[in-house]
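Structural overview
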Amino acid sequence: MLFNSFEFFIFLPIVFVLYWFVLNKKLSIQNVLLLVASYVFYGWWDIRFLSLIMLSTILDYYVGLKIHSTEEPKKRKHWLWLSMGFNLGLLGFFKYFNFFVDSWISAFNSIGIEMDPFALNIILPVGISFYTFQTMSYSLDIHKRKLEPTKNFVAFATFVAFFPQLVAGPIERASNLLPQFLQRRKFNNKLAVDGLRQMLWGLFKKVIIADNCAPYVNDIFADYSTQSSGTLILGVIIFAFQIYADFSGYTDIAIGTARLFGFDFKRNFNFPYFSRNISEFWKRWHISLSSWLNDYVFTPLAINFRNYKKQGIFAALFLTFLISGLWHGAGWTFIIWGGLHGLYYIPVIFSKKRFTSISTNKSGSNKQEFAFSDIPKMILTFLMVCLTYIFFRAASVADALGYIKIIFTEIPYWPSGVPYKSILFIIILMTAEWFQRGKEHGLQFNEDTKVPLALRWTIYISLLLLILVFSGQQQQFIYFQF
Amino acid sequence: MKNFLKKIGLFLIVFIVINMIINYTYELPAKKAIENKIHKNFLKWTDIHNNKNTYDLVTIGASRAYTAFNPKILDSALNLESYNMGTSAQDIAESYYTLKEVLDYQNPKYIVLDLFFPSSDNEHDYYQIYSNASFFTSNNYKYDLVTEGYGGTGVANYFIPAIKFKNYIKQDLNGLFSKGNTAKQEVNWIKGFLYDTVTVTKKQIDKFTPISDFQNTAFDEVRFKTYFNKIKTITKENNIKLICVRTPYPPSRLALNKVDDEGIFFKEFMATTEIPFYDLNSYRSATYKYNDFDFSDYHHPNFRGAQKASMQLVEAIKKDIKQN
C-alpha cells in the first residue's frame, strides 16, 4: 500500500478509530491490531513476501532470547551468526543473487573463459533492506549487552513490521522503538496534530515535488546522449530534489503516521542540502542508515584498523560507504556512488582543519546558525553530492560516465524543456525549509512560533489543494526498490 | 482527543465547503449548456436514447474519433444510418460502458473503435469521463465504471471536485499568467461528429512533439487488453461486427518518432485477434494522403482530414462486406 494512495486514506482512519476507540482497553490488543494492520499494509503489495517478515521475526525473537540466556561467549556468537546469516542470506538471495552471478560471469568472460549468462527471475521484496537491518540491530545490541530481549512476541513482531516504517524506514533501533510497544500509549494531542502537519508536508514533497520532477528526470536519463550539457546539469539537479523530496517525504509521512498512534520515531532527515561539507551532509541525510552503519560497520572496522591511524580510519570509512552503496542497490553504479562519497572524506580525515559539524539538541533541531559565508560551501557540497547522483540514477556505469563526459566536454547552453513549475515548487520547499531549519520539519509550528491561526489554516488548506490539483502522475517511492 | 477530533472535523468542513465552491464553479457552465440544450454529451445521448434501434454503425473513442468520422459521408456511401459516439478524453473502460449503454437502446451492425495509446494510459480526465457517464440511464454502468473502471482513484475523483477538476483549475491558473484570449469557435455537430473548420497554424506545427510511444506515455497494456477483450466479447455476443481503426496524425508529427510504437503495437496485437484493424495513417495511402493542414491541431482531423478518414473507413467496411 502506498502512502499516497486512495487505499491508505481509507486504511489509516479505520486503524486509528479501532486503535483509540474500540480496542483501547488493553495494550496487548492494541499491539495485535497494529500487527495485523501492518501485515495488511504489507500484504497489499504482495502477500507471499509476508512469510519472509514472519520468518525473520520468529528467528530474531528466538535468537535474542537465546543470546541473552547464555553467558558463554562462543554460544552467544553462534546464535548471533545464525541471525546474521539468515538476514544477510535473505538479502543476498533476493537482492544480490543476480548481481553477483552476473559480475562473476563477466569477470570470467573478461579473462577469456566463456560462461553462459544465468539469472533467476527473483522479485525483490519491498522493504527487505529496511526490516532486515532493523532485526539485525536487535540481535547485535543484545549480543553487545546494550539491550535486553523482550519476551513479548507480539510487541517484537509489531516492532519489526510496524507499518509506517516497514517498507522504507526510518530504520528504528529496538532501544528506541521496542519500549514504546511495551508501555501504554496515551493520546497526545500536540504530537498527533504535529504528526498530521508532518504528513501533509511529506505529501507535498512527494506528490508535488518528487512526482512532478520524475518525468523530466526520467526523460533526460533515458536519452542522455542526445541532450545538451546544460540540460544534463539541470537534469541531475532536479533529480537531487526529486530523490530528497521523495525519500524525506516518505519519512515525514511515516513519522507523522506513527505520531497519530502515540509513537515517536527518530529523525531521519535534517535539511541535508544546507550542509557545508560532506561530513555534515551524512549527519543530515538518511540519519537512521548512517547511524546504523556507523555503529555496526564503521566503528568495528575502525577499531580493527586502529593501528593504521588516519589511513585505517579512511579504509574503514571507505569500506562503510561501499557497503552503503551496495545496500542501496545491487549494481556497480551504487557501489561507485558509495565509493565517491568515501573519497569525499579524504580532505575531512587528512586535513588538519576541523570541519564544522552540526550540533543537535534533543529534538534534533539545529543550534547552529548559518553565516553568509556558508552559502558557497553549501553550494559546493550540493554540487559534489549531485555528481554522485549521476551514478545513483544512471542505468549503468557506462551511461553515468557518458553523462559526465557530456557535462564536462560540452558548452553548457541554456537547458531545453526547463520544468519551471517544478522549479517553482522546489523554491517553495527550500524557502520553507530555510525558515524552518531550526524545526523538525517544514510545517512545524511550535508554541513559540507566532504564526496566527488563520494563516496556519490557510497554509494547510492551500497545501492540501496544491497536492490535489498539482499532483504529478503517481510514482512509487524511489527507496521502495532498496 | 476531543480537541483533536474537533480540529479534524472543522478542517473537513472547510475542505468540503471549498470543494463545493469548486464544484459549483466548474459544473455551472455544463449545467447551463444542458438547460440550453447545447451540451455535446447531452445532445449525443438524447439522440441515442430517443431514436431507438436507428443506428447501424456507431463509432466509439475519444475526441480523435468524433473529429474523424463524419456520419453524413458514411451514411451516403454505405447506405446506412451511423452515429458518432466519440466523447472527449474517452478511455478504453469508458468506451466499454458507453457501448453497453448504447446497446441498451440501439441494435447496430457495426461498431468502430478508435485506438490510441492515451486512451489506455493511467492518466484520465475524470471530469470528461464522468460528464459522459452522467448521461447513462443505467446506474449499474455508472457504478461499475467508477469502481471497476478506475478503482480507488476513480472514487476519489468522483467525490472530490478539487481532484476531478484539477486539469481545468490548472488551465485557469495558467490562463492568469498567459496573455491573449482564444477566439470563440462556432461548433457544428453532425450526428455526434464535430465538423471542425479550424486549421493548424505553422507556429503550432513547429511546436509539434512526437506522438504517444512507450517512452512518453504510460500505456497500460493490461488495462487495454482487459477492456478490449470485453468490447470484443460484447460485440460478438450481440452479433456485431467490430472494426478497429487508428485515426491519422499530422505527418510531420508522426515523422518525429524514431519508432512508431503505437502503430506497431496495435498492428501486432490486432493480428492476434480476429478483428479487422485499419491504421488510417497508412491505409490506402496512395489515394488518401494526409498533410498537416488536414488537422485542426496536433492530433484532431479537421473537416478536410475527416473527409479522408471517413472515406477510408467506407472503403474498409466495403472491403469487409465483400469478403463476407
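See the structure shown above.
Residues numbered from 1 in each chain as written. Chains lettered and ligands numbered in written order. Predicted model: local features only at pLDDT ≥ 70, side-chain atom pairs only at ≥ 80, totals over all residues. Heavy atoms only, no water.

1. A short note on the environment of Ala37(A)
Residue and element names in this part refer to chain A.
- Relative to the assigned elements, Ala37 resides in helix α2 (residues 27–43).
- Each C-alpha atom, one on Ala37 and one on Phe11, is 8.5 Å from the other, the two residues being 26 residues apart in sequence.
- Sequence-distant contacts of Ala37, defined by excluding residues within four places in its chain, comprise Phe11, Val15 and Phe163. (Helix = DSSP H or I, 4+ residues; strand = E, 2+ residues; numbered from the N terminus. Contact = heavy atoms within 4.5 Å.)

2. Some words on unusual backbone geometry
- With a phi close to 55 degrees, Lys309(A) is a non-glycine residue in the positive phi region.
- On the basis of relative accessibility, which here comes to 65%, the residue Lys309(A) falls in the exposed class.
- Non-glycine residue Asn79(B) carries a positive phi angle of around 55 degrees.
- Along the polypeptide, Asn79(B) turns up in the loop between α4 (71–78) and β2 (82–84).
- According to the relative accessible area criterion, Asn79(B) is exposed, its value standing at 72%. (Buried < 20%, exposed > 50% of the residue type's maximum accessible area, 1.4 Å probe, protein only.)

3. Some thoughts on the state of the cysteines
Residues and elements named next belong to chain A.
- Inspection of the entire model under this criterion finds zero disulfides over all chains.
- Sulfur of Cys213: no disulfide; nearest cysteine sulfur belongs to Cys386 and is 12 Å away.
- Given the relative accessible area of 1%, Cys213 is considered buried. (Disulfide = S-S within 2.5 Å.)

4. Comments concerning the nonpolar core
- Ranked by size, the top nonpolar core spans 166 residues in total, and within it Phe163(A), Phe261(A), Tyr273(A) and Tyr389(A) carry the most contacts.
- When sequence neighbours within four positions are dropped, the list of residues in contact with Phe261(A) reads Leu12(A), Val15(A), Phe16(A), Tyr19(A), Trp20(A), Leu34(A), Phe163(A) and Arg185(A).
- Membership of the second largest hydrophobic core comes to 45 residues, among which are Phe117(B), Phe219(B), Phe224(B) and Ile234(B). (Core = buried A, V, L, I, M, F, W, Y, C linked by side-chain atoms within 4.5 Å.)

5. Description of the sheet that holds strand β6 (residues 241–246) of chain B
Residue and element names in this part refer to chain B.
- The sheet built from five strands is open, its strands ordered β2-β1-β3-β6-β7 with parallel pairing. Of all the strands in the sheet, the pair left with one neighbour each is β2 and β7 (277–279). Here the strands of the sheet are splayed against their neighbours by 20 degrees on average, with no regard to which way each runs.
- Two elements, strand β3 (residues 110–114) and β6, share five bridges in a ladder whose sense is parallel. For Ile111, the partnering residue across the bridge sits in β6 and is Leu242.
- Strands β3 and β6 of the sheet are contacted by helix α11 (residues 221–237), whose axis makes an angle of about 145 degrees with β6.
- Across the sheet, helix α13 (residues 261–271) is in contact with β6 and β7; its angle to β7 comes to roughly 160 degrees. (Pairing = 2+ DSSP bridges. Axes fitted to C-alpha atoms, helices over the stretch in contact; angles between N-to-C directions.)

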